[in-house]
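# Summary of structural features
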Amino acid sequence: MTAAELPALTISELQPLLRGGAVSPGEVVDALQSRISEIEPQIDAYIALDFEAAKHEANAADLSLPLGGIPIAVKDIISVAGQRCTCASRSLSNYIAPYDATLIRKLKAAGAIPLGRTNMDEFAMGSSTENSSVKITLNPWDKSRVPGGSSGGSAAAVAAGAAFGALGTDTGGSIRQPAAFCGIVGLKPSYGRVSRFGVVAFASSLDQAGPLTKTTRDAALLMNAIAGVDPQDSTSLPEPVPDYTQLLGREIRGIRIGLPKEYTTDGIDPQVKAAVDAAVTQLQALGAEISELSLPHTEYAVAVYYVLATAEASANLARFDGVRYGHRTEGVANLVEHYERTRAEGFGAEVKRRIILGTYVLSSGYYDAFYLRAQKVRELIRRDFVEAFKKVDLLISPTSPVPAFKIGERTADPLQMYLADIFTIAANLAGICAISLPCGFATSESGTQLPVGLQLLASSLDEARLLQVAHAFEQSTDWHQRRPPL
Amino acid sequence: MNYIAAIGLEVHVQLKTRSKMFCACPNAYGAPPNTHTCPTCLGLPGALPAMNEEALRMTVLTGLMLDCDIADVSKFDRKNYFYPDLAKNYQISQYDAPLCTNGRVPLHDVAYPQDAQTAIATSGKTVNLVRIHLEEDVAKSFHFETTTGIDFNRAGTPLMEIVSQPEIASPDEAFAYLTSLKQILICGGISDADMEKGQLRCDCNVSVRAATQAELGAKVEIKNMNSISGVRRALRFEIERQIALLESGATIQQETRGWNDDAGETFLMRSKESAHDYRYFPDPDLLPIATHALLADVRARVPELPAAKRMRFVEQYGVSGYDAGVLTHDLAVAAYFERAAEHSPKPKSVANWILNDLQSALSAAGISVGDCPIPPEALEELVGLIDAGRISGKQAKEVFAEMFETSRPAGVIVKERGLEQVSDVAAIEALCDNAIAANPKPAADYRAGNAASLNFLTGQVMKLSKGKANPQIVTEILTRKLKE
């Protein structure tokens, strides 16, 4: 094994090398640094990188810990003490987090080394990472295309071997959709499974942080480190955390998987549909029992999402006013002008659009018609899943109706962009867990190979079973072993 | 034309919790600026609130003390507005599901201003409440010449808002309402409720209308009062101002006015602005609160309230209703009285000593009963000495003065000063015999019917005893001997 080959390894392949002394944590960081310096100019996945600090931590790494000496890339929305946390926004371009998010504290306690801040849509608002105020990240499989979003930097880095694994956040699909676009595994945990403390809030009742990895086993390993209740997050769930690797490798015979008929809409790209159909057949061959069922309120999910998520965001983003930290305008005559100019300069167009939307739906006279009604429909959507999971153990769908689209293709039409999340949003509204994993490729007009993602969904706190089935599928195919042509 | 006023009070109370409402920072006054802060109360990106359960319990306890309905399920909402003292630019507060609704504050006579106690229009009145809710306090702004500094030590400390119905009819009633409320809050250990320290803040809504008119007049809100008497003065001024306006044929505008205590007048702060839209919505960071889990614990904490204490003092110690009111007006005085009166055979005398000599000595010295140099047990001893006839009432005053000065026990002072009265009958009889023998004429005069001569002879005996003989016993013995 040469140093140049190290970055292509999965976490679970790297672990025995580190523990056996074949490589040192310092060598791992060095190998990653040279890979990143080669790849980064091609894909622009990172906003910031501090190899010196990472080497410092690598030298002190405790290899007896579960993730001892493993560098993990972090989406630029998760606080790491002493590192910039800009959310890819001008409004926080100079903000350095003075504290660790709970999941970072846990990740460090498991021995991992946070290395690098990955690019994203500003404040996680977007599905292509084009809404970053810093740079546009390119899809490693086709550099004319987006990596998906909002955790596009994390997904691109992992897919390109520029990170062993990464953390992202998922409010409406922001882990799963870029994982699908980049041909890797992305897990959105159940709401409350991973503490949100220290994760800059976009929509508090929907946000969840989770892993983006090369394999399902790596996702389980990261989940083992970051999951669990947190007294600083009242919405975190108190249930004990299982070993998420426990069920990996167990056969899935008899597991019931539901195919929601609402997710077989006309808008699905035929190549995506073919790949997902093949995956269903494959799962059947592995012994899963496939049945069709209905999630009757699916058609309302996108509308409900854009009412609730923007409402919460309009309050969550109010704190970025330049009074205590972050971008602050100069030369203003009064307080109102300070707020107006600071925020006009600090936020990008999509963020402003959502703040305005959210402010509107909460306004007196509109609250009942929008916010309150959306809450009621959200409850109906949640119940759809409760009913479905009485009949089946898991649900299956494409992660995205289309493979990675071209840069700039959808920026002019926000609604088209919003519809890219049509299959992922409901999991956030229902608070359940869901995973995206590679299930094939689509061939673009120019002949490039574009990964297709398969989404599996399970009821709240059923991550172990979700990973079991995903792992069984993954191990029966070789999609996860394909690497982009960089 | 007769006018009537309708006053509603919104009282903000700082809760005496150890930590802030949503983080572990200390809830303490007076530290250097921005030293009691953390990511949560500074509103840093990613920080979340975590509920201080004691703040919930204190609010529910207040609700129970004030006879409120406690919500089965309550929740917190975000109140959205921009201001530099509000770290997140939204305040975590309660909108449509407050912890407590309804309830009442009983006004008792002693709670009225002293100069108004003889003319209380509606003795025994209670003022109904609308609601009590819990919210986080904002930071404090300090305006300098060209800049404004913000101290976030206060940001995120628990603040309880108690809203009354507009049922308060006069400035005196408002005074009694605040005094009674303050007393109950102190009694429950909720707050020290000191207005000058901002622990209790009060906004007044006041409207005036012709006595013949049913619906309320336009509401004027007054802010900035920093004492209960200031509230009374502000309301007096404002009611007169509004009456004068009505008399002149003008209409009252809905507006917010400030109180300038030095000038003794209210001034316009802002006229009715376009109604502020706070865009309240449930805070997704906090779970709804089921109060039943707290209630058993909190019920056990409901203390004896001032009204119940008053009644018990009358029954248990035989003091008058008025005296019981004064004794229970200040919880510390009530506790002092109970400790002094508990084992005393003369609890009424103990009460009199506290209400007269002790209170005036304390106020002359400018100290509170908590720092009283005479421990309650020592006062009980003093009253015991008088009761046993060992010192006279006049001597007791001297002894009291020295006790207050030196904190030494009454018995020691009496002994040192040789004040103890001689009540030994045999010794006094001998002195009486001497006095009669040495003053045959007055003795004869008395026997002849001149009653005044007895006083002279008593004086002689007292002189012989160097003032220590119990004058009552002297008179008895002399009377008996002269009749022999």
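Quick caveat: nothing in here was measured; it's all calculated off a predicted structure.

### Examining the sheet that holds strand 5 (residues 185–188) of chain A
Residues and elements named next belong to chain A. Strand order across the open sheet formed by eleven strands is 1-3-2-4-6-5-10-11-9-7-8, with mixed pairing between neighbours. A strand with exactly one partner marks an edge of an open sheet, and here the two such strands are strand 1 (46–48) and strand 8 (289–293). In this sheet, neighbouring strand axes are inclined to one another by 35° on average, regardless of whether the strands run parallel or antiparallel.

### So, the sheet that holds strand 16 (residues 281–282) of chain B
Sheets are built from strands paired through backbone hydrogen bonds, the pairs being either parallel or antiparallel. The strand order across the open sheet built from three strands is 5-4-16 (chain B), with neighbouring strands paired in antiparallel fashion. Strands with a single pairing partner mark the edges of an open sheet, and in this sheet they are strand 5 (90–93) and strand 16 of chain B.

### Considering the domain arrangement of chain B
Interface size, as often reported, equals the accessible area lost upon joining of the parts. Under the domain assignment, chain B is made up of domain 1 (3–298), domain 2 (306–417) and domain 3 (425–482). Here the C-alpha centre of domain 3 of chain B lies 35 Å away from the C-alpha centre of domain 2 of chain B.

### Regarding the packing of aromatic side chains
Summed over all chains, the structure comprises 28 aromatic pairs over all chains. Taken together, Y95, F123, F320, Y325 and F347 of chain A form an aromatic cluster joined through their ring pairs. Against the face of Y278 of chain B rests K79 of chain B, its NZ or CZ located 4.4 Å from the ring centre.

### Considering the side chain of S400 of chain A
Residues and elements named next belong to chain A. Note on placement: S400 falls in the loop between strand 9 (394–398) and helix 13 (414–419). A relative accessible area of 4% means that S400 is categorised as buried. Separated by 2.7 Å, the side chain of S400 and the backbone oxygen of V402 make a polar contact. Ignoring any residue separated from it by four or fewer positions in sequence, one finds S400 in contact with Q177, F181, V272, A420 and F423.

### Some words on a nonpolar patch on the surface
Taken together, the side chains of Y360, Y366 and F370 of chain A present a nonpolar region at the surface, about 270 Å² in accessible area. When you line up the elements, F370 of chain A lands in helix 12 (residues 368–391).

### Some points on the interface of chain A and chain B
Taken together, the 38 residues of chain A in the interface contact 32 residues of chain B. Regarding the contact of chain A and chain B, the summed buried area is about 2,700 Å², with carbon and sulfur atoms giving 60% of it. Three residues stand out in chain A for area buried against chain B, namely S234, R319 and R324 of chain A, and they jointly supply 22% of the buried area on that side. Scanning the region where chain A abuts chain B turns up one salt bridge. Taking the shortest distance from any N to any O, the salt bridge between R196 of chain A and D285 of chain B comes out at 3.1 Å. For the side of chain A that touches chain B, the secondary structure elements donating two or more residues are helix 9 (301–316), helix 10 (335–346) and helix 11 (349–362) of chain A.

### Notes on the state of the cysteines
Tallied over the full model, the rule gives zero disulfides over all chains. Of the cysteine sulfurs around C68 of chain B, a residue in no disulfide, the closest is that of C100 of chain B, at 5.0 Å.

### Quick look at the environment of K273 of chain A
Locating K273 of chain A in the fold gives a position in helix 8 (residues 270–285). Residues K273 of chain A and R483 of chain A, 210 residues apart in the sequence, show an inter-C-alpha distance of 22 Å.

### Here's the deal with the packing of helix 14 (residues 452–464) of chain B against helix 15 (residues 471–483) of chain B
Residue and element names in this part refer to chain B. Interhelical geometry of helix 14 versus helix 15 gives an angle of 125° and a closest axis separation of 10 Å. Classified by the interaxial angle, the pair formed by helix 14 and helix 15 is oblique. Here the hand of the crossing between helix 14 and helix 15 comes out right-handed. Taking contact as the criterion, the partners of L454, L457, T458, V461 and M462 in helix 14 are, on helix 15, P471, V474, T475, L478, T479 and L482.

Procedures and definitions
- Residues numbered from 1 in each chain as written.
- Chains lettered and ligands numbered in written order.
- Predicted model: local features only at pLDDT ≥ 70, side-chain atom pairs only at ≥ 80, totals over all residues.
- Heavy atoms only, no water.
- Pairing = 2+ DSSP bridges.
- Helix = DSSP H or I, 4+ residues; strand = E, 2+ residues; numbered from the N terminus.
- Axes fitted to C-alpha atoms, helices over the stretch in contact; angles between N-to-C directions.
- Domains from an automatic or database assignment.
- Phe/Tyr/Trp six-rings, centres within 6.5 Å; stacked < 30°, edge-to-face > 60°.
- Lys NZ or Arg CZ within 6 Å of the ring centre and 35° of its normal.
- Buried < 20%, exposed > 50% of the residue type's maximum accessible area, 1.4 Å probe, protein only.
- Polar contact = N/O pair within 3.5 Å; in protein donor to acceptor, adjacent residues only side chain to side chain.
- Contact = heavy atoms within 4.5 Å.
- Patch = residues over 30% accessible without salt bridge, like charges linked within 9 Å, V, L, I, M, F, W, Y side chains within 5 Å.
- Areas by Shrake-Rupley, 256 points an atom, 1.4 Å probe, with all protein chains shown as cover.
- Salt bridge = Lys/Arg side-chain N within 4 Å of Asp/Glu carboxyl O.
- Buried area = accessible area lost by both parts, 1.4 Å probe.
- Disulfide = S-S within 2.5 Å.
- Parallel < 35°, antiparallel > 145°, perpendicular 65-115°, else oblique.
- Left-handed = near helix turned anticlockwise from the far one by under 90°.

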